[in-house]
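What follows is each chain in one-letter form.
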Amino acid sequence: MNDLINSFGRAVRHFRELRGWSQELLAEKADLNRSYLGEVERGQVIPSLETAGKLAGALGISMSRLFFHCEQRAA
C-alpha cells in the first residue's frame, strides 16, 4: 500500500515537472494548498479521489492516465 501511495506522489511530480510547473502553480490550478501538494508528492498523505481528480484536471490528463503512470511506477 505504501508503495502505491509513494508512486502516486511520484506520478504527480512527474507530470508537474514535465510542464515545468512549481508546486505553487499546480496547487493553485488544482485548488489545493501547496503544503498539502508537497505531502502528496512525498507520499505522506493518501489523497481522496476528489483530490486525484483535481490534480489530473489541473495537469490536463485523465485520472486513468495518472493512475496508469502510478501503477507502472509501483510495479
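This is a predicted model, so every value here is computed, not measured.

### A short note on the nonpolar core
Judged by nonpolar contacts, the single largest core of 20 residues is most densely connected at Phe8, Val12, Leu26, Leu55 and Leu66. If you list the elements that add at least two residues to this core, you get α1 (2-18), α2 (23-30), α3 (34-41), α4 (49-59) and α5 (63-74). The greatest single-element share of this core, amounting to five residues, is contributed by α4. Contact partners of Phe8, with chain neighbours within four places excluded, come to Val40, Pro47, Ala52, Leu55, Leu66, Phe67 and Cys70.

### Comments concerning the pattern of salt bridges
Enumeration according to the criterion identifies three salt bridges in this entry. Between Arg13 and Glu41 there is a salt bridge, with its nearest N and O atoms 3.5 Å apart. One end of the pair, Arg13, is in helix α1; the other, Glu41, is in helix α3, with 28 residues separating them in the sequence. Among the residues examined, Arg13 registers a relative accessible area of 26% and is labelled partly exposed. Here Glu41 falls in the buried class, since its relative accessible area comes to 2%. In this structure, Arg16 engages Glu41 in a salt bridge whose closest nitrogen and oxygen atoms are separated by 2.6 Å. Here the residue Arg16 occupies a position in helix α1, and Glu41 occupies one in helix α3, the gap between them amounting to 25 residues. This pair shows no difference in class: Arg16 is buried, exactly as Glu41 is. Here the salt bridges share partners, and the residues they tie into one network are Arg13, Arg16 and Glu41.

About the criteria used
Residue indices begin from 1 for each chain and proceed along its sequence in written order. Where totals are concerned, whole chains, interfaces and linings use all residues; where local detail is concerned, this predicted model gives features only for residues with pLDDT of at least 70, and gives and counts side-chain atom pairs only at 80 or more. With hydrogens and water excluded, all non-hydrogen atoms of the structure serve as input to the side-chain values. What is meant by a nonpolar core is a set of buried Ala, Val, Leu, Ile, Met, Phe, Trp, Tyr and Cys residues, joined one to another through side-chain atoms within 4.5 Å. Three labels apply to residues, based on accessible area from a 1.4 Å probe with only protein chains included: buried if under 20% of the type maximum, exposed if over 50%, partly exposed otherwise in between. Put simply, DSSP marks the helices as runs of H or I at least four residues long and the strands as runs of E at least two long, and each gets a number from the N terminus on. Any pair of residues with heavy atoms lying within 4.5 Å of one another is described as a contacting pair. Every case where a carboxyl oxygen of Asp or Glu lies within 4 Å of a side-chain nitrogen of Lys or Arg is listed as a salt bridge.

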